[in-house]
Amino acid sequence: MSEFDIVFAGGENISSCSGLPCSPSFCTGGTTACVIAGRLAAYDPSMRILILEAGQHTLNKPIHVQPYQYPFNQAVTSTTVTFNIGNPSPRLNGRAPIVPCGRCVGGGSCVNFMVYTRAPASDYDDWGANGWESENLIPLMKKLETYEVQPDRPTHGYGGPIKVSSARYKLGISDEFIHVGTTYHKRQFADDTNDLETCNTYSPWRKYIDGATGRRSDAAHHYVYNQAHNPNLQVWDGKRVKRIIFEDKRAVGVEFTSDPVSCPDADQSSSIVRASKLVVISAGAFGSPTILERSGIGAEAILKRCGIEQLVDLPGVGENYQDHNLTIVPYLAADEAVTMDAIWRGESILQESLAQWNTGGKSLIAQNGMDSKIKWRPDDEELKAMDSAFQPRWKEFFQDRPDKAVAIFTAFSAPLSDNLPPRNYMSAGYYTLYPASVGSVHIKVTENGKEGVDFTTGFLDDPSDIVPLDFGYKKTREIFRRMASYRGEVAAGHPDFPEGSAAACGEASGPVDLNAPDIVYTAEDDEAINRFHRDLVQTAWHSLGTCAMKPEADKGVVDTRLNVYGVSNLKVADMSISPLNVGTNTYSTALLIGERAAIIIAEDLGIKFDI
């Protein structure tokens, strides 16, 4: 039996997921585990550290290091992500939503969209968790990054492992989006809206891409693979964590098997690895609560239904699931526009671009198709135009918090769909950052007696959540129809407006004038938009909250030192600990949690560290 000082249980795989592969959570388990393990190994190279991962290695694989390939990880045949199937919801017109999450070494950091976004500092203060206030976290935000965009920015870092850049290849559609945003939409422009406070301002969208090499900047390569010289830092890929082993409520090891997706021909018998100092569960918003429940930690009723003997009554496990609500709407783009379409279709430009990227790190290979954004808040006129169901939420949460955006609007220089005929496309993306709805993630036993996941997204359960989406469709459509590359709408990707509607979609010869009147929507049109969002709204791949860092009496799962209540020698560290939603793409927060967790563990174990 193998023994390590610290074992990271990041290899989680729900065994029944409608035939689709399943495992650790997007932007959580893999990302955070790599950060903590890498930092601890650097602090003390003699520390024996093991990461268990259900997915496969990502080292220098093109699908992970070449930025343009990120959509291919979302293909239905992909084994680099898990497709978690939610319960059908009447709020989604009976639809069962699907939430992907990373299943590979590095987790979401190796498959995400690479957009660099940071939450307002106040989000972390709102957690109310000792040691996690923004004043304690900002030094860690700076420590983890090398901000290649501009020098001497007080909230940015310049010597960290994760590179942030403009990717050295700019797409003109982003300039059009910003131009219309600062004229027609009457918002300001700033070069940096990731300074932890600026909001409601158009800006370039920086990327987690190394500006020199054009490679993705992920946690696996920059915290773990760069320490291959250290034999005490080990990663066992293709390992599915079953449960934590306890002795008198002290975590002493992890039981695991070979993952059936990564290792279909391997022996499925169980093995145990022991941890002499600590076990850290880092399997994300889906994996971490289900590992706890299989280990006997959770709500009595859920464990009893699954035939699991309860070790600790902790009803907060698996509750408080949160995400961001995203919609992507396609438009036709001018023939002369530079988009990602041809390179994603594998046309002749691909080989030329690869040659440029291999020699100098430039070309469309080093692009994700997103170069501009706004963290949007409605002005008074827009608030009046929005459905009244949003007003209580606005007054209670947003009105007196000017640093908190309601949504992010962006322009994709691509359709993000492979079902369209060849030509140039662009897409409007908009996603809400603080939806009021919450869901849950639990284990269950399926009708055939196998383990499954009882996953409720909660999407649009609160009536206020759909209102910014409905408005977001209208506002981004007005922006896009004024952009120089606009050539109409892809009607199949828009609401099904009634015949004769002024909002009817179709091809156009060019944009409307900046000062043209807005489309006037009827009540029937509004119903079509509302129905469209219930039919199509999706995850933003930002799952969090299911092992919340809150007081136990408030359905918390871990304390501020990340210790699981009721047991010893066991921590959880990933996006599942976030007690509240964060107004950002969650890679930045997953990295931050990893940096803070590494310090906490080093303090607990008496390891010297630096900040």
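It should be emphasised that the depicted structure is a prediction, and the values quoted were computed from it without experimental measurement.

Each value, and the rule that gives it
- Residues numbered from 1 in each chain as written.
- Predicted model: local features only at pLDDT ≥ 70, side-chain atom pairs only at ≥ 80, totals over all residues.
- Heavy atoms only, no water.
- 1 Å grid on protein atoms, 1.4 Å probe; cavity = no way out; pocket = protein on both sides within 12 Å on 5 of 7 lines; lining within 4 Å.
- Points joined across faces, edges and corners; volume = space filled by probe spheres on them.
- Helix = DSSP H or I, 4+ residues; strand = E, 2+ residues; numbered from the N terminus.
- Nonpolar A, V, L, I, M, F, W, Y, C, P; charged D, E, K, R; others polar.
- Buried < 20%, exposed > 50% of the residue type's maximum accessible area, 1.4 Å probe, protein only.
- Contact = heavy atoms within 4.5 Å.
- Salt bridge = Lys/Arg side-chain N within 4 Å of Asp/Glu carboxyl O.

## Looking at empty space enclosed by the protein
The probe, sized like a water molecule, is rolled over the atoms to show the empty space still left. Applying the stated criterion across every chain, the model contains 6 cavities of 30 Å³ or more. Looking at the second largest cavity, its volume works out to about 90 Å³. As for the second largest cavity, its lining consists of Tyr116, Arg118, Ala119, Tyr124, Met141, Leu144, Glu145, Tyr208, Ser588, Thr589 and Leu592. When residues of the lining of the second largest cavity are traced back to their parent elements, those giving at least two are helix H4 (134–144) and helix H15 (587–605). Looking at the lining of the second largest cavity element by element, the count peaks at 3 residues for H15. Grouping the constituent residues of the lining of the second largest cavity by class yields 7 nonpolar, 2 polar and 2 charged.

## A short note on the environment of His179
Within the fold, His179 resides in helix H5 (residues 172–183). Judged by relative accessible area, His179 falls into the partly exposed class, the value being 43%. Between the C-alpha atoms of His179 and Gly159, which are 20 residues apart in sequence, the distance is 33 Å.

## What to know about the environment of Ser578
Positionally, Ser578 belongs in the loop between strand E23 (570–572) and H15. Through-space distance from the C-alpha of Ser578 to that of Thr589 is 9.1 Å; in sequence the pair is 11 residues apart. Those residues in contact with Ser578 that lie beyond four places of it in its chain are Trp127, Asn320, Leu544 and Gly545.

## Considering the pattern of salt bridges
Summed over the entire model, instances satisfying the criterion amount to 31 salt bridges. As a salt-bridge pair, Arg103 and Asp259 come within 2.9 Å of each other at their nearest N and O atoms. Placement of Arg103 in the loop between strand E4 (98–102) and helix H3 (121–126) and of Asp259 in the loop between strand E11 (250–258) and strand E12 (271–281) is noted, with a sequence separation of 156 residues between them. The buried category is assigned to Asp259, whose relative accessible area is 0%.

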